[in-house]
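What follows is the residue order along each chain.
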Amino acid sequence: MFAAERRQLILEMVRANGAVSLRELARVVQTSEVTVRRDVRALEAEGLLDRRHGGAVLPGGFTRESGFPQKSHLSTAEKTAIADLAASMVGEGEAIVVGAGTTTQELARRLARVPGLTVVTNSLLVAQALAHANRVEVVMTGGTLRGSNYALVGSGAEQSLQGLRVSRAFLSGSGLTAERGLSTSNMLSASVDRALVQAAAEVVVLADHTKLGADTMFQTVPTELITRLVTDEPPLHDERAAAELQALADQGVEVTVAGPDEDASTGEAPPGDRRPRRDMPLPGQRRTATGRAGGLGPQLRSASSLSDQTPSSGERARVADLRRR
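Residues numbered from 1 in each chain as written. Predicted model: local features only at pLDDT ≥ 70, side-chain atom pairs only at ≥ 80, totals over all residues. Heavy atoms only, no water.

Asks: So what's going on with the pattern of salt bridges? Residues and values would help.
Replies: Enumeration according to the criterion identifies 12 salt bridges in this entry. Residue Glu78 pairs with Arg23 through a salt bridge whose shortest N-O separation is 2.5 Å. In this pair, Glu78 is assigned in helix 5 (residues 76-87) and Arg23 in helix 2 (residues 22-29), connecting sequence segments 55 residues apart. Notably, a salt bridge pairs Arg109 with Glu106, separated by 2.4 Å at the nearest N-O pair. Note that Arg109 and Glu106 are positioned in helix 6 (residues 102-111) at a spacing of three residues, about one turn of the helix. Exposure remark for Arg109: the relative accessible area of 42% places this residue in the partly exposed category. (Salt bridge = Lys/Arg side-chain N within 4 Å of Asp/Glu carboxyl O. Helix = DSSP H or I, 4+ residues; strand = E, 2+ residues; numbered from the N terminus. Buried < 20%, exposed > 50% of the residue type's maximum accessible area, 1.4 Å probe, protein only.)

Asks: Help me get a handle on a nonpolar patch on the surface, residues and values and all.
Replies: Judged by side-chain polarity, Leu124, Met140, Leu145 and Tyr150 come together as a nonpolar surface patch covering roughly 330 Å² of accessible area. Mapped onto the elements of the fold, Met140 is located in strand 6 (residues 136-140). Classification of Met140 by relative accessible area gives partly exposed; the value is 34%. (Patch = residues over 30% accessible without salt bridge, like charges linked within 9 Å, V, L, I, M, F, W, Y side chains within 5 Å. Areas by Shrake-Rupley, 256 points an atom, 1.4 Å probe, with all protein chains shown as cover.)

Asks: Break down the sheet that holds strand 13 (residues 218-221) for me, with residues and values.
Replies: The strand order 10-11-13 describes an open sheet built from three strands, whose pairing is antiparallel. Looking at strand neighbours, the two that pair on one side only are strand 10 (175-177) and strand 13, the edges of this open sheet. Adjacent strand axes in the sheet meet at a mean angle of 35 degrees when their direction is disregarded. In terms of strand pairing, strand 10 meets strand 11 (residues 181-184) through three bridges, oriented antiparallel. Its bridge partner lying in strand 11, Leu176 is registered against Leu182. (Pairing = 2+ DSSP bridges. Axes fitted to C-alpha atoms, helices over the stretch in contact; angles between N-to-C directions.)

This is the structure we're talking about:
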């Protein structure tokens with residue numbers, strides 16, 4: 001494929017999706033991320049798109065929301081790893097809220113195995129994923145259907161959440177920064193997400209590395225209200241995404257990182273442009289449950305460092321938490 005053809009295809013993908021990762025662009029145009037990065041720089045110089053952490057977005061500073069068909073095909077491996085980790089945080093008999101999104105849909109598919117679980121959601125996709133789970137109770141909000149992401153929004157959805165109290169809220173969005181927290185491109189979706197946050201004792205954000213550093217129009221969860229972030233490992237070249245993780249940790253967000261899947265026969269991670277799993281000390285203070293800062297700096301622990309602590313040798317540890325020393 002000639003450079004002009006590649007760049008035209010890249011531009012069409014960004015226009016269709018609003019934001020696309022370099023990894024996804026390289027896969028579609030069948031070339032290396034190095035070549036794609038060079039193409040993105042050239043397109044940015046022409047004012048046709050903006051570069052972001054590990055990807056490209058529409059020009060203008062704020063990404064727009066992609067439709068469900070486009071988002072469902074982006075960062076699928078990363079969303080699967082994130083969903084696996086998030087599901088491990090949910091225990092038997094809990095009551096939680098799950099917001100709309102393709103990553104939360106992946107989470108819902110795994111929650112079907114948790115007995116005695118109650119899930120409150122405004123997402124038709126989340127409800128559908130749990131529809132045949134015999135031991136899970138699903139509670140739908142009211143509201144008006146927003147067809148682009150199959151979610152219920154509006155005053156009906158918000159009013160149905162009043163007086164509700166659950167242990168955790170699992171949310172995703174269009175962008176996440178240490179400065180503004182989680183954000184989305186739609187005002188109605190943002191308003192319902194804020195109502196979901198008010199109903200939960202803890203807030204868990206599910207966001208793959210392409211969302212780190214992206215900023216969209218409507219804030220949903222300020223950084224100080226995010227208890228934990230579940231994300232994937234940024235690629236080696238994506239220093240800005242790593243810096244965003246650092247900044248979030250400095251503000252007290254517990255970061256859980258899903259590393260690459262290991263080969264079952266060798267126990268080794270597959271090759272690729274990924275950071276190795278590691279322990280990385282991070283400065284800053286962690287908030288207590290009451291919102292007060294205290295204790296020593298948290299530490300990012302690798303999933304592989306916990307593998308010897310799992311009860312079953314066939315089960316891979318998937319947790320990398322920022323904890324107090």
